[in-house]
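Here is how the chains run, residue by residue.
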Amino acid sequence: GKGKFMVHCARCHGGIWDEVPSGYPDLKRLQPHVHAAFQAIVLDGALQYSGMASFRDVLNPADVREIQAWLQSETNAQIAAAKRAN
């Protein structure tokens, strides 16, 4: 998922995470309701009204699941690191 994220998502959502802030949502900090709608957002253009285009022309459902799984693993790593720091 990371490679696909870097090719298709990082341009807008940041690829170097904390070192390069993004003006768009940080996908490592998605709320559960957004994760639930991830396929609809990325493939169906559910958020086109706010500038998030559909990527159906370059990604398929398996690609999107891989990207989402990688994002979730990054989120989990951040949560674990924060817990260890506290």
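## Some words on the overall build of the protein
Right, so step 1: Looking only at helices and strands, the protein features five helices and zero strands.
Right, so step 2: Starting at the N terminus and walking to the C terminus, you meet the elements of the protein as α-α-α-α-α.
Right, so step 3: Counting the 86 residues in the protein, one finds 28% classified as buried.
Right, so step 4: In the protein, 45% of the contacts between residues at least 6 apart in sequence involve partners at least 24 apart.
Right, so step 5: Accessible surface, the protein: about 5,500 Å² in total, of which carbon and sulfur atoms supply 57%.

## Some remarks on the nonpolar core
It is characteristic of soluble globular proteins that their nonpolar side chains tend to be buried jointly.
Right, so step 1: Formed by 15 residues in total, the largest nonpolar core has its most connected members in Phe 5, Phe 38, Val 42, Leu 59, Val 64, Ile 67 and Leu 71.
Right, so step 2: Elements with a minimum of two residues in this core: α4 (38-42) and α5 (61-85).
Right, so step 3: At four residues, α5 tops the list of elements feeding residues into this core.

## Digging into the confidence of the model for the protein
Right, so step 1: Of all residues in the protein, 90% attain a pLDDT of 70 or more, and the chain-wide mean is 88.
Right, so step 2: Highest mean pLDDT in the protein belongs to α4 (97); lowest belongs to helix α2 (residues 10-13) (85).

## Quick word on the packing of aromatic side chains
Right, so step 1: In the structure shown here, the tally under the stated rule is one aromatic pair.
Right, so step 2: Both rings, one in Phe 5 and one in Trp 70, keep their centres 5.3 Å apart while their planes meet at 45 degrees; by these two values the pair is tilted. A residue pair is termed long-range when its members are at least 10 positions apart, and Phe 5 in helix α1 (residues 2-8) and Trp 70 in helix α5 qualify at 65 residues.
Right, so step 3: Among the residues examined, Phe 5 registers a relative accessible area of 0% and is labelled buried.

## Here's the deal with α5
In an α-helix there are 3.6 residues to a turn, and that puts residues three or four apart on one side.
Right, so step 1: With 25 residues, α5 ought to run about 36 Å at 1.5 Å a step, and its terminal C-alpha atoms sit 36 Å apart, in line with that.
Right, so step 2: Every buried residue belonging to α5 is among Asp 63, Val 64, Ile 67, Gln 68, Trp 70, Leu 71 and Thr 75, and all of these are buried.
Right, so step 3: Buried residues along α5 sit against α1, α3 (32-36) and α4.
Right, so step 4: A side-chain oxygen of the first residue of α5 lies 2.9 Å from the backbone nitrogen of Ala 62; this N-cap is Asn 60.

## What to know about the environment of Phe 38
Right, so step 1: You can see Phe 38 is positioned in helix α4.
Right, so step 2: When the C-alpha atoms of Phe 38 and Arg 65 are compared, they prove to be 8.7 Å apart, with 27 residues separating the residues in sequence.
Right, so step 3: With residues up to four places along the chain from it excluded, the contact list for Phe 38 reads Leu 30, Val 64, Ile 67, Gln 68 and Leu 71.

## With respect to the state of the cysteines
Right, so step 1: Applying the stated criterion across every chain yields a total of zero disulfides.
Right, so step 2: With no disulfide partner, Cys 12 has as its closest neighbouring cysteine sulfur the one in Cys 9, 8.9 Å distant.
Right, so step 3: Look at Cys 12 and you get partly exposed, because its relative accessible area is 36%.

Here is what the cut-offs are and how they apply
Residues numbered from 1 in each chain as written. Predicted model: local features only at pLDDT ≥ 70, side-chain atom pairs only at ≥ 80, totals over all residues. Heavy atoms only, no water. Helix = DSSP H or I, 4+ residues; strand = E, 2+ residues; numbered from the N terminus. Buried < 20%, exposed > 50% of the residue type's maximum accessible area, 1.4 Å probe, protein only. Contact = heavy atoms within 4.5 Å. Areas by Shrake-Rupley, 256 points an atom, 1.4 Å probe, with all protein chains shown as cover. Core = buried A, V, L, I, M, F, W, Y, C linked by side-chain atoms within 4.5 Å. pLDDT = per-residue confidence, 0-100. Phe/Tyr/Trp six-rings, centres within 6.5 Å; stacked < 30°, edge-to-face > 60°. Expected span 1.5 Å × (residues − 1). Polar contact = N/O pair within 3.5 Å; in protein donor to acceptor, adjacent residues only side chain to side chain. Disulfide = S-S within 2.5 Å.

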